[in-house]
Amino acid sequence: MEQVLVNGFYLGAQYALIALGLTLIFALMNVLNFAHGQMYVVGGFIVYEIYGRLHWPFVVALAASALTLAVLGGLIEKFLFRTVIRRSVRDESTMLLAAGVAYFLDAAILLLFGEKQRGVPKIVKGVFVSDNLIIPYDRVLVAVLAILFIVAFVLMMQYTKPGRAMRALAQDRVAAQLMGVPVEFYSLIGFALGAMLAGLVGGLLVTITGVNSGIGGPISIKAFMMVMIGGAGVVGGAILGGFILGMLESVGLSVLHAYGDITYLAIFVALMAFLSVRPNGLMGKPWG
Amino acid sequence: MLQLTKAVAAVAFAAVLLIAAPWAIEATHHADFYYTLSSVALLAIASGGVWLTFYIGRINIGQGAFALVGGYASAVLVVKAGLSFWLSLPLAGLFCAAVSVAIGLPILRLRGVYFAMVTLVLTEVARLTALALPLTNGAKGITNIPPPGPIGLFGFTLVPGFDAIVNRNAAFYYLSVVMMLLCFAALWRLVHSRLGALFAALRQNEDLASSMGLNVPALRVLAFAISSFLGGIGGAAFVAITQSIYPSSFTVTDSVNFMLNCFLGGLGFVFGPMLGTLVLYFGWDLLFQAGEYQLLIYSGVMILLMLALPNGLLSLRAPARRRA
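Residues numbered from 1 in each chain as written. Chains lettered and ligands numbered in written order. Predicted model: local features only at pLDDT ≥ 70, side-chain atom pairs only at ≥ 80, totals over all residues.

## As for the overall build of chain A
To be explicit about the condition: Helix and strand labels come from DSSP, where a helix needs a run of H or I of at least four residues and a strand needs a run of E of at least two; each type is numbered from the N terminus. Taken over C-alpha atoms, the radius of gyration is set against a globule rule of 2.2 Å times the number of residues to the power 0.38. Burial is judged by counting the other C-beta atoms within 10 Å of a residue's own C-beta: 20 or more makes it buried, 12 or fewer makes it exposed, and any count in between marks it as partly exposed, with every C-beta position built from the backbone. C-beta atoms are placed from the backbone for every residue, and two residues are taken to be in contact when these atoms lie within 7 Å.
Scanning chain A from N- to C-terminus turns up eleven helices and two strands. The order of helices and strands in chain A, counted from the N terminus, is α-α-α-α-β-β-α-α-α-α-α-α-α. Computed over the C-alpha atoms, the radius of gyration of chain A is 19 Å, within 12% of the 19 Å expected from 2.2 N^0.38 for a compact globule of 288 residues. Taken over the C-alpha atoms alone, chain A extends approximately 60 × 50 × 35 Å along its principal axes. The proportion of buried residues among the 288 residues of chain A is 53%. The long-range share in chain A, meaning contacts at least 24 apart out of those at least 6 apart in sequence, stands at 75%.

## Structural notes on the interface of chain A and chain B
The cut-off we apply is this: Asp, Glu, Lys and Arg are counted as charged, while Ala, Val, Leu, Ile, Met, Phe, Trp, Tyr, Cys and Pro are counted as nonpolar; the rest, among them Gly, fall into the polar class.
Each partner contributes to the interface: chain A provides 41 residues, whereas chain B provides 37 residues. For the side of chain A that touches chain B, the secondary structure elements donating two or more residues are α3 (58–87), α4 (93–113), α9 (216–230) and α11 (263–277) of chain A. Sort the elements by how many residues they give to the side of chain A that touches chain B and α4 of chain A lands first, with 13 residues. Here the residues of the side of chain A that touches chain B are counted per class, giving 29 nonpolar, eight polar and four charged.

## Thoughts on the domain arrangement of chain B
Residues and elements named next belong to chain B. Definition in use: Source of the domain bounds: an automatic or database domain assignment.
Its domain assignment divides chain B into domain 1 (1–30) and domain 2 (32–316). Its C-alpha centre places domain 1 at a distance of 23 Å from the equivalent point of domain 2. Its residues assigned to classes, the side of domain 1 that touches domain 2 shows six nonpolar, one polar and no charged.

## Looking at unusual backbone geometry
Residue and element names in this part refer to chain A. One non-glycine residue, Asn30, lies in positive phi territory at about 60°. Relative to the elements of secondary structure, Asn30 occurs in the loop between α1 (2–29) and α2 (36–53). Since 18 C-beta atoms lie within 10 Å of it, Asn30 is described here as partly exposed. With a phi close to 60°, His55 is a non-glycine residue in the positive phi region. Judged by the 11 C-beta atoms lying within 10 Å of it, His55 falls in the exposed class.

Put into structure tokens, the structure is as follows:
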């Protein structure tokens, strides 16, 4: 059982980091970023290319992945989402754009990196073994890094000027603008930051699960679920949702194992039942 | 006068689909177009359902689930219960409508992206359920579904059995197109009826509509049920054409595509989903020559279209509206 809980915690730390980026973009721009999973995949492949094939240090690869995704996210916001939001009559139009971007990234990933499953050498070797626990050290390191990133992100949102500006933007865009917050600039920063988080977690996880060009969509769906559990557009909710989903998955896989492959079915059904009781998730704003 | 113009346009449109298009296909020997156009017609029906949920102000990314449920319902009825396809078609639609009432009552309380995300998850639920249930044969799916049989009335054969027809693809084409015309005519009539006005009121402001004495929960469940009915019969007819169904016959991608069809055609227009489906499906097919660049070009064009015409293709003819 300890093993199951530790696995759940480890999964949760990564999931929380994935959900954070998605929820940030949603909070700032009211855009449901379908392409989040694809951004994760891009991050994973960049680390694979730099760390796995060129054998540069892992830190350099991770930084390159974060930077690339931040630039990519910024460009997507500036040239695509901003234009469509300005021109369209209905808010939902951005969803078509987001889906288009997701398909585009999917295609680009397939062309650039191929369809093979890719893995990289372990960053640290060895396994921690005790009475009823087996944890590879690289998993410990990844979980610790993920938690560090989450803490850094939360601290930045709470105590720095851009963080305050973005929180103001999430609360009320017009009011923030009236108070002199440069909303366009911070939308750009926020989108870039959200994309960067996707790249970071993709880069971290390639060291453990590897990466292939087809996992973008499933990752996006998982991220949507976490955001729904916690409540869309709330940082705390995303973190909580990530840990809850990680735990559910880990416990479900071990408990429901006997009944076949129904863990995700059970989670989905539970999620729908939960949402019909609590439509805004655990911490969501009403009708976010 | 305007009424007359519209009626003429509708008849002309039906004539193009039922007479001119088959003639052109026969003349150019592009028999595969029958299959392509049948698919477009059936997908357009399902997209029309999604459009109706948009009409009440909900983003529905769950139509793939209902297409799958409808397909399985029809397949199970035909293969396991030995029912005629023609009977299973409306039954599949009604089954989907019943399911959507049960699911819709709780989840239609959600709005905006929450509803969108739950319906997206619904598609995955449908796929996983089909994998897990013994009735649906799991990953093997249901195959070798017999083609639709004859319809007779008082000894006259109205529609011959599809196995007796030499050009089966053409028969399916007529079936799909007639279904599409009927569905969109019904949809058009619905939107321009009192019920349509009530649905529009839901989209504009549910609280206000409720304060005017409308039974908002009942109305939105009704719209969702109609939408799912359309998804169900679309899926059921699709299964009859391909004669097989698997859990992966309709996936999240299809659900998203149904939604995109509506967006691309334009949400303000009943016939938007039809145009959107045609453009997206044919665009995808035509790009087949591009090989590995197919998805890249397709999505690139989609993004460009969105940048140029964020309110849908049909918005070209509408007067430019300024945002307040």
